[in-house]
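Fold and contact review
Chain by chain, the residues run as shown.
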Amino acid sequence: MASFRVADASEYLAITGWGIDDVKLAKKAWVFVGQQCKKFDITPVNYEFEVHAMSSEKLPFILPAVFTIGPKISDDGSHGASLLLYAKLIAPHDKNSSHVRELVRGVIEGETRVLAASMTMEQIFQGTKSFKQAVFENVQLELNQFGLYIYNANVKQLVDVPGQEYFSYLGQKTQQGAVNQAKVDVAEARMLGAVGAKEREGTTLQKAAEVDAQTKVFRVRQEAIGIKEQAKVEAEVKVFENEREAVVAAAKADLATKKAAWDRQTKVAEVEASKAVAIREAELQMEVEQKNALRLTEKLKAEQLSKATVQYDVQVQDSNAALYSRQKAAEAKLYEQQKAAEARKAQADAQFFEQKLAEDAKLYAKQKEAESLATVGKAKADYVAAMLQALGGNYHALRDYLMIDGGLYQEMARINASAVSGMQPKISIWTGADGAGAGGDVGASSGGGAAMQQVPGVYKMLPPLLSTVHEQTGMLPPAWMGALPKDEAN
């Protein structure tokens, strides 16, 4: 008949018999016919012993020890091979029986004696902790084969066996050594006190001298810092003054630019009226003498080019000779400066600082001057762009205006006039309010005065004049002067 068995919290069920190959361990299980079930306690037990051992010098001693031993249980509560061994070998006996106690005692005494026999008494006494640890590890290895585990091991102080006073004498020796060491320490402390007092006095004098020297160095250093700060402040004041001067210069340049623009606009209106006749006269003279001017220009260009080439070669030779002389002089001067620099090295740092500030101030002034020039250039560029926009984007008209404003046509006319001087070119001059002009051949010297008297009526003469020029030369007037009728232009 089957029955259900349950073990207590500190117990396990050991089941053998039908259907079980070896031993089955469980906390609860059904026990069937042909099976046998037995409960066993797994609570650890304390075993107290006085182990008699002997060192390698054959000195006996007693090692009092208390071991807490029981079956090994896994952390997760499961049973393993160790618990199975315990159930087979130890559980059939009462854990407090003499059989189990003698088994544990034999293992502990055997391992302790073997370990103590390999060590001297001094090694055991000096390394008590390591000796106890070694005993614990060796005993545990032997108990593993029985499924037992040492939960705690408390090994007390080593004591003498009756009739032996080794540890007593050893204690007295240690006590007497401590007393002697204390006397030595007191004497050494007194010596250190006397020596320390003398060392303190010497250290005080050394520190006082060191503080005085540092004070002098600090005073000199502070004076040098004060001189540097003064130079720095003066340099900053100079830089500020240069900045203010640069701002004033920029304002003046801006005002001058605006005035130039206004004056230029006024002059444009005046020049457009006053130089119209001179422009047309220069154009006609250029057309008449174009071939001669081209010939003379090429001739002059060839002559100037030859002279420039010869002059360039001479200048190159002179420059090379001067460069060689300057290089030698510079090398000699550099050698002298290097020798002089070695003597002036002590004061070079301060001079370099002042020179650097001065150079920074000069550089700033140069930068402001460059900015002013850039502003003027930008104003000129804006002026040219504005003129180009006013002329409707006509580049040729802008070019003609700039040539007129720059006096280029007058200069060309002067050069051409000097070139044809004495040739007495014939020029047609138109007069009359209705455009019906009468032409006449006059000399260059007498015709000029009469022509200038006709300036008030120049605008009335322009249409027939432009038409005549177109018929004779095929040239059309510039777009800014107007346009001919389509039938005449064709």
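Summarised in this report is the structure supplied together with it. (Residues numbered from 1 in each chain as written. Predicted model: local features only at pLDDT ≥ 70, side-chain atom pairs only at ≥ 80, totals over all residues. Heavy atoms only, no water.)

1. Some remarks on the nonpolar core
Membership of the largest hydrophobic core comes to 37 residues, with the highest contact counts inside it found for F40, I69, V104 and F131. Elements with a minimum of two residues in this core: β2 (11-17), β6 (45-54), β7 (60-71), α1 (81-89), α2 (98-117), α3 (121-126), α4 (128-143) and β8 (148-155). No other element matches α2, which puts 6 residues into this core. Structurally, this core is a two-domain feature, drawing no fewer than three residues from each of domain 1 (1-41) and domain 2 (46-164). Contacts of F40, omitting those with residues within four sequence positions, involve S10, E11, Y12, L13, A14, L25, L83, Y86, A87 and A91. Core analysis: the next-biggest nonpolar cluster, separate from the first, contains 8 residues, L13, I20, A29 and C37 among them. (Core = buried A, V, L, I, M, F, W, Y, C linked by side-chain atoms within 4.5 Å. Buried < 20%, exposed > 50% of the residue type's maximum accessible area, 1.4 Å probe, protein only. Helix = DSSP H or I, 4+ residues; strand = E, 2+ residues; numbered from the N terminus. Domains from an automatic or database assignment. Contact = heavy atoms within 4.5 Å.)

2. Thoughts on α1
In an α-helix there are 3.6 residues to a turn, and that puts residues three or four apart on one side. All of the buried residues in α1 are L83, Y86 and A87. One side of α1 holds all its buried residues, which, seen down the axis, span an arc of 100 degrees. Of the surrounding elements, those touching the buried residues of α1 are β2, β3 (24-26), β5 (35-41), β7 and β8. (Arc of directions from axis to C-beta.)

3. Comments concerning the packing of aromatic side chains
According to the stated counting rule, one finds 2 aromatic pairs in the structure shown. Relative to Y151, the ring of Y149 lies with its centre 5.0 Å away and its plane at 85 degrees, an arrangement referred to as edge-to-face. Positioned over the ring face of Y383 is R264, at 3.9 Å from the centre of the ring. (Phe/Tyr/Trp six-rings, centres within 6.5 Å; stacked < 30°, edge-to-face > 60°. Lys NZ or Arg CZ within 6 Å of the ring centre and 35° of its normal.)

4. Regarding the environment of A14
By the element assignment, A14 lies in strand β2. A14 sits in the buried class, given a relative accessible area of 14%. Linking A14 and F40, residues 26 residues apart in sequence, is a C-alpha distance of 7.5 Å.

5. Focus on the packing of helix α6 (residues 276-288) against helix α10 (residues 408-419)
Relative placement of two packed helices is described by the angle separating their axes and the distance separating the axes. Direction vectors running N to C along α6 and α10 enclose 45 degrees, while the axes themselves pass 10 Å from each other. By the criterion of interaxial angle, the relationship of α6 to α10 is oblique. For the crossing formed where α6 meets α10, the hand is left-handed. The segment α6 lies against α10, with A282, Q285 and M286 engaging Y409, M412, A413 and N416. Grouping the constituent residues of the contact of α6 with α10 by class yields 5 nonpolar, 2 polar and no charged. (Axes fitted to C-alpha atoms, helices over the stretch in contact; angles between N-to-C directions. Parallel < 35°, antiparallel > 145°, perpendicular 65-115°, else oblique. Left-handed = near helix turned anticlockwise from the far one by under 90°. Nonpolar A, V, L, I, M, F, W, Y, C, P; charged D, E, K, R; others polar.)

6. Observations regarding α10
Between the first and last C-alpha of α10 there are 16 Å, a value that for 12 residues agrees with the 16 Å anticipated at 1.5 Å per step. Every buried residue of α10 is listed here: Y409, A413 and N416. When α10 is viewed along its axis, its buried side chains cluster within an angular range of 70 degrees and face the same direction. Taken together, the buried residues of α10 touch α6, α7 (290-343) and α9 (395-405). (Expected span 1.5 Å × (residues − 1).)

7. Looking at the sheet that holds β8
Here we have 3 strands laid out as an open sheet, ordered β6-β7-β8, and antiparallel in their pairing. The open sheet has two edge strands with one neighbour each: β6 and β8. Strand-to-strand twist in this sheet, taken as the mean axis angle between neighbours without regard to direction, amounts to 30 degrees. Bridge count between β6 and β7: 10 bridges; the pairing is antiparallel. (Pairing = 2+ DSSP bridges.)

8. Concerning the environment of A417
In this structure, A417 sits in helix α10. Look at A417 and you get partly exposed, because its relative accessible area is 38%. A417 sits 131 residues away from M286 along the chain, and the two C-alpha atoms are 9.6 Å apart.

9. What about the pattern of salt bridges?
Summed over all chains, the structure comprises 7 salt bridges. For the salt bridge of D360 with K356, the shortest nitrogen-to-oxygen distance reads 3.4 Å. With D360 and K356 both in helix α8 (residues 345-390) and 4 residues apart, the pair spans about one turn of that helix. The partly exposed category is assigned to D360, whose relative accessible area is 33%. Residue classification places K356 among the partly exposed positions, given a relative accessible area of 43%. (Salt bridge = Lys/Arg side-chain N within 4 Å of Asp/Glu carboxyl O.)

10. What to know about the packing of α9 against α10
In the contact formed by α9 and α10, the axes pass within 5 Å of each other and the chain directions differ by 65 degrees. Between α9 and α10, the angle falls in the class roughly perpendicular. Here D400, M403 and I404 of α9 lie close against α10, whose contacting residues are L408, Y409 and Q410. A per-class count over the contact of α9 with α10 returns 4 nonpolar, 1 polar and 1 charged.

11. Section: a nonpolar patch on the surface
Judged by side-chain polarity, F4, V6, W18, W30 and F32 come together as a nonpolar surface patch covering roughly 590 Å² of accessible area. Relative to the helices and strands, V6 is located in strand β1 (residues 3-6). (Patch = residues over 30% accessible without salt bridge, like charges linked within 9 Å, V, L, I, M, F, W, Y side chains within 5 Å. Areas by Shrake-Rupley, 256 points an atom, 1.4 Å probe, with all protein chains shown as cover.)

12. Describing the environment of N292
Considering the arrangement of structural elements, one finds N292 in helix α7. Note: C-alpha distance between N292 and N416 (124 residues apart in sequence) is 8.9 Å.

13. Here we look at the sheet that holds β2
The strand order β3-β2-β5 describes an open sheet built from 3 strands, whose pairing is antiparallel. Each edge of the open sheet carries a strand with a single partner, namely β3 and β5. Shown here is a sheet whose adjacent strand axes are inclined to one another by a mean of 25 degrees, direction ignored. In this structure, β2 lies alongside β3, joined through 3 bridges in antiparallel fashion.

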